[in-house]
Amino acid sequence: MERMKLPPRGPLELPLAALELGCAGRFELITRPEGPAGDTFPLCTLPHGLPPHAMDLASELERRFLASPEWLPLHRFQRAHRVWPREKDVQSLFQTDASPVHATLRAERDPTTGQILAFREAPLDNMGLSAKNSLSFQRAPGPPAQALRGSSTNYPFWPGGMDEPSLEQISAKDHLEEDVDFENDLLTVPPGWKKGVDFKPQAAALKAAPGLLPLPGLLGALDAFELGGSSDEEEKRKLKGKGGKEEETPPAPPAALQRADSLEELVLKEVTPELQPPPQAAPLQPPKEQWAIPVDVSSPVDDFYKRIPDPAFRWPFEPDVFQKQAILHLEQRRSVFVAAHTSAGKTVVAEYAIALAQKHMTRTIYTSPIKALSNQKFRDFKSTFGDVGLLTGDVQLHPDASCLIMTTEILRSMLYNGSDVIRDLEWVIFDEVHYINDAERGVVWEEVLIMLPDHVNIILLSATVPNTLEFADWIGRIKRKQIYVISTVRRPVPLEHHLYTGNSQKTQHELFLLVDARGNFLTKGYYAAVEAKKERTSKHAQTFGAKQPLHPGAGLGQDKSVWLSLIDALRKRDQLPVVAFTFSRARCDDNAAALTTVDLTTGAEKSEVHVFFQKCIARLKGSDRQLPQVLHMVELLKRGIGVHHSGILPILKEVVEMLFSKGLVKILFATETFAMGVNMPARTVVFDSVRKHDGSGFRDLLPGEYIQMAGRAGRRGLDTTGMVIILCKTHVPDMADLHRMMLGKPTQLQSQFRLTYTMILNLLRVEALRVEDMMKRSFSEFHSRKDSQAHEHAIAQLSRRLAALEEVETGGQLGDLPEYCRAVQEMQQTRRLIQRRIVESPSGLKTLAPGRVVIVNNQAHRNALGVILQVSSDAATRTFTTLVLCEKSPEGGTPAGGAGGDSPTPEVPFPDDLLLNKLFLPEGPCGHAVEKLGPCDIAVITAKALRVNAERILEDVKKRQMPRFRSDPPGPSAVQAAQELLRLAEGGAGGLPRLDPVGTLQLKELEVVEGAVRLRRLEEALPGFQCVHSPRFPQQYLRLAERLRLRAELDHLRFLLSDQSLLLLPEYQQRVEVLRALRYVDAAGAVQLAGRVACEISSHELLLTELVFDNLLTELRPEESVALLSCLVCQGRSQAEPQLPSVLRQGMERIRAVAERIALLQRECGLRESVEDFVAQYNFGLVEVVYEWARGVPFAEIARLTDVQEGIIVRCIQRLDETCRDVRNAARVIGEPTLHAKMEEASNLIKRDIVFAASLYTQ
């Protein structure tokens, strides 16, 4: 390279060099100025000198461009920068990416030699598909970073069992589209042109001379060629055109399209159109679909190992019959629903599915309702299978494992976000399916079941529920696959239920058996417990006075004495360990703290507890080990006492669970959550009370709740029976309540499906999926949708019947027949409505007393008078026993109806009949009939009343129903009543006076008043119709009435199959209006930027999205932002007044203002949730605690800032980390780096110490 000319050196840059003298290794320091040729140091005495080299480039550039004042003068800045002009390339704007190739060349080879004979073009399907535009499994996998959880911009995979859009739905026209008929009235000459093209086939082309093939004739022949038969109407027209010889022409099969070697053969060959045979009649009833198949588990499976010689997994014990049946169906890759009691061994089925997936080299997902259960299952399955991963809100372990354990919410997110894990998925195991009854989270189960693809098989594990077949039938229908239901009611360890009334050493023997191991309820034990309690109460009254503590837990001293006596009695009977279920966190702590004198462990057990406890908390920092709850818990555990509820720190709960499973905790005071899926049975279960607070008030335990907790009693292989004890502290519960709780049916699986904004937005962003389809497949719509196939069959039948009806004449005098028919139907419906309201009102029931004269109109009687004899007391199905006037029956027959005998023809209503001016009069001797009428059978309540002996008439009727008295004549009371009715009928030529429902009965409901006005208007209009005077009126009226009836049935069935019949459709439309008002979706339903941000957020999506777009979080520091976000996840209610800086107080007010704005908008759009309830769900009780925690304050100090228990605080901060991740993802979507960085920093600030200590189950 050419050497640059450098400026001279300064005075400080002395030329120094070390001169090497020869090869002796001696050096000499010399100075020499630079030579004229620019030679530089070092110099050498070697013969040819040193190798040539250049100055260091960095030094050269620095000296030339930065250190030279000539190069950078002060006032000539033009040389300070260089500009490289950009060349314009307009043609690059028109370049687009090449579209994917839709075809390829495939070689055709000789099958014997393999020689290539030719190449042909073969189409390629599913080209250009990706996760951004397709729901197909043929699409290319996404980037590896999104393989696990997917992305909110991905399309989900197509849900199994959901029909793809039909041709009718695809071709459905929008209201702006023009309706174009592509068959008729097509233009052949374009507008403004003189000539055009005639597209009609030319028959003359077929008669061309041999050898001549004109192109128009060829095209015409191809257009006229028929590939199939025509419809029935076209066949009839063709046959009539041939001379009407329809019966002489036998039906023949349709002409098949023959393969031709040349166009000449195709054109010149004469093709005669042949007739298509008439379609076969459709079956009367569609085949009934059975999706839930019960499996018999009563008989043993003797050939189990013959059918499965090489099982995927083996246990050290012999599986039960129900487990073997489930395994047999799993081997056939069928979906199963296993319902069995607690501790019956449902996990065996899950284990075999995991082993089977590993054998097939596929994947399994195990879902659980709670995070704690996920951690426990991870430990159990990890020790069994090894290749197991865990996904929870804050933990991700081994995501590439063949078995993934996660909560149901995470699986729902993966399904919506199109995770590639779903591709390899073979089994999804739903544990604790009865959790679908949870009002808050039950909807997640339904969403996941609906969204699962078709290739995924389902395993459902549940406690015994009464409607397993119904639930399985629903899943089978929506997934279009059979579900095999395996239920067992046998317990491996039967339970014995007792009542305990003791409270001291003297009375600790008062343990009374209430339900034995065979399930028999022993009333003797109940009465013995009542007597024991009553005797002690009377002795206490004699000694201390009559006043007794009436409310439960009247004193800690009383509770302490009860527990001391019970524990001593159970220890003497060797009934430890014990789980004591207490439905209050505070009472759990109080009961454990009161047992200061109880010590249930030996010295060796105390040492083992101490070593294990210290090992578990060794990972905590020093101050966290000295927390009051930690010190108190270790003192309790050393004495064999444990406490387990949501207020306990998570790491302490895990320590208690592990020590309990080792048998070192002898008595455990726990809340109901301990019974949820945790496989930790005890020898005995004790209920502190049988009443609980469910959030709205106190109530008795439901049978399902009681069975779930009582099932923890009895250890399989260790105990012959499990003991369940109910403490009777103040009184013995009622026998009926105990019987219903212990032996009643568990709660049915019920739908908790509800619409959420996240669900709506996730489905709206995918055009092929509709929210209406999700609602149709929900469990709440199952009962109305399960007969859809029968409805479709009925629609086809009714359509054929409607098409076969003769046309109705509506000309001339019959011109107003349709209006008359509609007026008659409206009048009859209005009268039925008014009668129902009269019967439901107190004044109406008072009027319809025995003796009241009414006009009866039904199939048997027409405008016949009757007198009421008796009114039933059942309000739901109210009936009126009435003596009705009719024709006298022949000897030994039943009385004839008022319709005029046994004529089978339906009656035609004339105006006189409808106006009730013409009452029924018997043509022969007067007869009567005593019948039970419904409210709709009574047309009018008259103002007349008769004095009748109703009791005697009813006794006479009852007597004459006996065979020996059947031929006896009616009694005088009945004959007299019939004569009175006949006299009224003969005297009421213009009708009898009626009771006005509004004026007389004082019914002021809007529906009744409007009905009365409408009825009066119709009655006035009836005489003006002219069609009733036509001689053809009866015949044409019946035709029209039948046609209208069939149309009404068709409309009703089509309504049941349509989206309009969905129960949640109005709410869906209201929520979409909210999203439109907030600009989350546009007028056409397309998801906008704000909607895509809301898709990233798992809960409280509207509020969080509004906060992000309002820049409320961007303006705050990270610790302030995370403190305010705690209102979304805080569950504890604090009574302490927080000390907050003004910034946080202003932020709280702004959040409340945004929440109020959203709530007001929801109310304006029609949603029922009140503004107060919506705003109140955001709880700011832990803002100060989270703020100080984010600032680095130790946990011991923040725990003193509030009265909320430590476990609640930890759970709040853990969930807050998930919220920070959601906001971080939202910031990424909108391109807000500042907010993204702040949320990242906020998450790092709170993730420390005991709050985010790793679970012991994952170590």
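Residues numbered from 1 in each chain as written. Predicted model: local features only at pLDDT ≥ 70, side-chain atom pairs only at ≥ 80, totals over all residues. Heavy atoms only, no water.

1. With respect to the overall build of the protein chain
Defined as follows: Secondary structure elements are taken from DSSP: a helix is a run of H or I of four residues or more, a strand is a run of E of two residues or more, and numbering for both begins at the N terminus. Here the Shrake-Rupley method, with its probe set to 1.4 Å, supplies the accessible areas, and only the displayed protein chains count as covering residues.
Counting its regular elements, the protein chain contains 42 helices and 27 strands. Total accessible area on the protein chain stands at roughly 67900 Å², and carbon and sulfur atoms take up 53% of it.

2. Concerning a nonpolar patch on the surface
Worth spelling out the cut-off: Surface patches are drawn from residues lacking salt bridges whose relative accessible area is over 30%; two like charges belong together within 9 Å, two nonpolar side chains (Val, Leu, Ile, Met, Phe, Trp, Tyr) within 5 Å. What counts as a salt bridge is simple: a side-chain nitrogen of Lys or Arg found within 4 Å of a carboxyl oxygen of Asp or Glu. Relative accessibility decides the category of a residue: with a 1.4 Å probe and only protein chains considered, values under 20% of the type maximum give buried, values over 50% give exposed, and everything between is partly exposed.
Taken together, the side chains of Val 90, Leu 93 and Phe 94 present a nonpolar region at the surface, about 370 Å² in accessible area. In this fold, Leu 93 is placed in the loop between helix H1 (57-66) and strand E3 (103-109). Residue Leu 93 is classed as exposed on the basis of its relative accessible area, which comes to 69%.

3. Regarding the sheet that holds strand E12 (residues 457-462)
Short version of the rule: Here, any two strands with at least 2 DSSP bridges between them count as paired. The criterion used for residue contact is that any of the two residues' heavy atoms lie within 4.5 Å. An axis is simply a line fitted to the C-alpha atoms; with a helix, the fit covers only the stretch in contact. Between two such axes, the angle follows the N-to-C directions and lies from 0 to 180 degrees.
If you trace the nine strands from one edge of the open sheet to the other, you get E5-E13-E6-E12-E11-E7-E10-E8-E9, paired in mixed fashion. Looking at strand neighbours, the two that pair on one side only are strand E5 (292-294) and strand E9 (396-397), the edges of this open sheet. In the sheet, strand E7 (residues 363-368) pairs with strand E10 (residues 403-407) via five bridges, with the strands oriented parallel. Considered in E10, the bridge of Tyr 366 is made with Ile 405. Along the sheet face, helix H8 (residues 347-360) touches strand E6 (335-339), E7, E10, strand E11 (425-430) and E12 and points at about 170 degrees away from the line of E11.

4. Here we look at a negative patch on the surface
Rule in force here: In summary, the charge assignment counts Lys and Arg as positive and Asp and Glu as negative, without counting His or the chain termini. Charge coordinates come from a single atom per side chain, which is NZ of Lys, CZ of Arg, CG of Asp or CD of Glu.
There is a patch of like negative charges on the surface, built from Glu 1156, Glu 1169, Glu 1172 and Asp 1173. Mapped onto the fold, Asp 1173 is located in helix H38 (residues 1171-1176). By relative accessible area, which is 51% here, Asp 1173 ends up exposed.

5. Considering the pairing of strand E24 (residues 864-871)
In terms of burial, E24 is largely enclosed, as six of its eight residues are buried. Looking at chain direction, strand E23 (residues 852-856) and E24 are connected through four bridges and run antiparallel. Opposite Val 854, over in E24, you have Gly 866 as the bridge partner. For E24 and strand E25 (residues 880-887), the ladder comprises five bridges, and the chain directions are antiparallel. Note on E25: the bridge partner recorded for Gln 870 is Thr 881.

6. Details of helix H31 (residues 1006-1021)
Since the α-helix advances by 3.6 residues per turn, residues separated by three or four positions end up pointing in the same direction. Definition in use: The span one expects for a helix is its residue count, reduced by one, times 1.5 Å. For this quantity, the arc is that covered by the directions from the helix axis to the C-beta atoms.
With 16 residues, H31 extends 23 Å between its outermost C-alpha atoms, agreeing within 8% with the 22 Å of an ideal straight helix rising 1.5 Å per residue. For H31, the set of buried residues is Val 1008, Gly 1011, Ala 1012, Leu 1015, Leu 1018 and Glu 1019. In a view along the axis of H31, the buried residues occupy a sector of 130 degrees, so they form one face of it. More than 90 degrees from the buried face of H31, the exposed residues found are Leu 1006 and Glu 1020. Of the surrounding secondary structure, the elements contacted by the buried residues of H31 are helix H26 (817-840).

7. Focus on unusual backbone geometry
Pro 577 follows Leu 576 through a cis peptide bond whose omega is 5 degrees. For Pro 577, the position within the fold is in the loop between helix H14 (556-572) and strand E16 (578-581). Backbone geometry places Glu 432, a non-glycine residue, at a positive phi of 55 degrees. By the secondary structure assignment, Glu 432 is in the loop between E11 and helix H11 (442-451).

8. Considerations on the packing of aromatic side chains
Here is the rule we go by: Note on ring pairs: Phe, Tyr and Trp rings are taken, using the six-membered ring of Trp, and paired if centres are within 6.5 Å. Classes follow the plane angle, with under 30 degrees stacked, over 60 edge-to-face and the rest tilted.
A complete count under the given rule lists 26 aromatic pairs for this structure. Residues Trp 563 and Phe 669 carry aromatic rings whose centres are separated by 5.1 Å and whose planes lie at 80 degrees to one another, so their mutual orientation is edge-to-face. Pair noted here: Trp 563 is in helix H14 and Phe 669 is in strand E18 (residues 667-670), with a separation of 106 residues, a long-range link. Phe 669 matches Trp 563 in its accessibility class, with the two residues each being buried. Judged by centre distance (5.3 Å) and plane angle (75 degrees), the rings of Tyr 820 and Phe 1025 are edge-to-face. Taken together, the residues Tyr 820 in helix H26 and Phe 1025 in the loop between H31 and helix H32 (1033-1057) connect sequence positions 205 residues apart.

9. Regarding the nonpolar core
Most often, soluble globular proteins keep nonpolar side chains buried together rather than apart. Spelled out, the test is: Only buried residues count toward a nonpolar core. Its members are Ala, Val, Leu, Ile, Met, Phe, Trp, Tyr and Cys residues joined through side-chain atoms within 4.5 Å.
By size, the foremost hydrophobic cluster in this structure holds 212 residues, and its most contacted members are Phe 430, Phe 471, Phe 687 and Phe 1195. Per element, the largest residue contribution to this core is nine residues, and it comes from helix H41 (residues 1206-1230).

10. A word on the pattern of salt bridges
One pass over the full model with this rule turns up 54 salt bridges. Note that Glu 426 is salt-bridged to Arg 333, the shortest N-O span being 3.7 Å. Taken together, the positions of Glu 426 in strand E11 and Arg 333 in the loop between helix H7 (321-331) and E6 put the pair 93 residues apart, joining distant regions of the chain. On the basis of relative accessible area, Glu 426 is assigned to the buried category, the value being 6%. A salt bridge links Arg 770 to Asp 773, with the shortest nitrogen-to-oxygen separation between them at 3.2 Å. Given the relative accessible area of 12%, Asp 773 is considered buried. Salt bridges here are not isolated pairs; linked through shared partners, they connect Arg 770, Glu 772, Asp 773, Lys 776 and Asp 1059.

11. Considerations on the sheet that holds E16
Ordered in space as E15-E14-E22-E19-E16-E18-E17, the seven strands form an open sheet in which the pairing is mixed. The open sheet is flanked by strand E15 (511-515) and strand E17 (641-644), the only strands paired with a single partner. Taking each pair of neighbouring strands and ignoring which way they run, the sheet shows an average axis angle of 25 degrees. Strand direction decides the pairing type here: E16 and E18, joined by four bridges, are parallel. Note on E18: the bridge partner recorded for Ala 580 is Phe 669. Sitting on the sheet, helix H19 (residues 650-661) touches E16, E17 and E18, and the angle it makes with E17 is about 130 degrees. Along the sheet face, helix H20 (residues 703-710) touches strand E14 (495-500), E16, strand E19 (684-687) and strand E22 (722-727) and points at about 140 degrees away from the line of E19.

12. Some details on the packing of H26 against H32
The cut-off we apply is this: The crossing is said to be left-handed when, going from far helix to near helix, the turn is anticlockwise and less than a right angle, and right-handed when the turn is clockwise. Amino acid classes used here: Ala, Val, Leu, Ile, Met, Phe, Trp, Tyr, Cys and Pro are nonpolar; Asp, Glu, Lys and Arg are charged; the rest, including Gly, are polar.
Taken N-terminus to C-terminus, the directions of H26 and H32 make an angle of 65 degrees; their axes are 10 Å apart at the nearest point. Seen along the crossing, H26 lies across H32 with a hand that is right-handed. For the pair formed by H26 and H32, the contact residues are Leu 817, Pro 818, Tyr 820, Cys 821, Val 824 and Gln 825 on the first element and Phe 1033, Gln 1036, Tyr 1037, Leu 1040, Ala 1041 and Leu 1044 on the second. A per-class count over the contact of H26 with H32 returns 10 nonpolar, two polar and no charged.

13. Considerations on the side chain of Gln 1214
Note that Gln 1214 resides in helix H41. Setting aside residues up to four positions removed in sequence, Gln 1214 forms contacts with Lys 371, Asp 394, Pro 650, Val 1251 and Phe 1252.

14. A look at the packing of helix H35 (residues 1101-1109) against H41
Put simply, the rule is: The labels follow the angle: roughly parallel below 35 degrees, roughly antiparallel above 145, roughly perpendicular from 65 to 115, and oblique for the rest.
Taken N-terminus to C-terminus, the directions of H35 and H41 make an angle of 50 degrees; their axes are 11 Å apart at the nearest point. By the angle between their axes, H35 is oblique relative to H41. Crossing handedness for the pair H35 and H41: right-handed. Packed against H35, whose contacting residues are Leu 1104, Val 1108 and Phe 1109, the element H41 presents Thr 1219, Val 1223 and Ile 1230 at the interface. Here the residues of the contact of H35 with H41 are counted per class, giving five nonpolar, one polar and no charged.

15. A few points about the confidence of the model for the protein chain
Our working rule: What pLDDT conveys is the predictor's confidence in a given residue, as a value from 0 to 100.
Model confidence for the protein chain is summarised by a mean pLDDT of 80, while 81% of its residues fall at 70 or above. Ranking the elements of the protein chain by mean pLDDT puts helix H5 (residues 263-268) last with 40 and E11 first with 94. Confidence drops under pLDDT 50 across residues 215-283; counting only partners more than four residues distant or on other chains, this segment forms 49 contacts.

16. Remarks on the pairing of E17
Stated precisely, the cut-off is as follows: The definition of a right-handed crossover adopted here requires that, viewed with the strands pointing away, the path from the first strand over the helix to the second runs clockwise.
Every second residue of E17 is oriented toward a common face, with Ile 641 and Val 643 on one face and Gly 642 and His 644 on the other, all of them buried. One ladder, built from four bridges, connects E17 with E18; its direction is parallel. Residue pairing across strands places His 644 opposite Ala 670, the latter belonging to E18. Taking the sense of rotation as the criterion, the β-α-β connection linking E17, H19 and E18 turns out right-handed.

17. Structural notes on the side chain of His 791
If you trace the backbone, His 791 turns up in helix H25 (residues 788-804). Aside from chain neighbours lying at most four places away, what touches His 791 is Leu 1053, Leu 1056 and Leu 1057.

18. Remarks on the environment of Cys 821
On the secondary structure map, Cys 821 appears in helix H26. A relative accessible area of 0% means that Cys 821 is categorised as buried. Residues Cys 821 and Leu 1044, spaced 223 residues apart in sequence, show a C-alpha to C-alpha distance of 9.0 Å. Residue contacts for Cys 821: discarding those within four places in its chain leaves Tyr 1037, Leu 1040, Ala 1041 and Leu 1044.

19. Some details on the environment of Leu 1038
Tracing the sequence through the fold places Leu 1038 in helix H32. Considered as a pair, Leu 1038 and Val 908 are 130 residues apart in the sequence and their alpha carbons are 7.1 Å apart.

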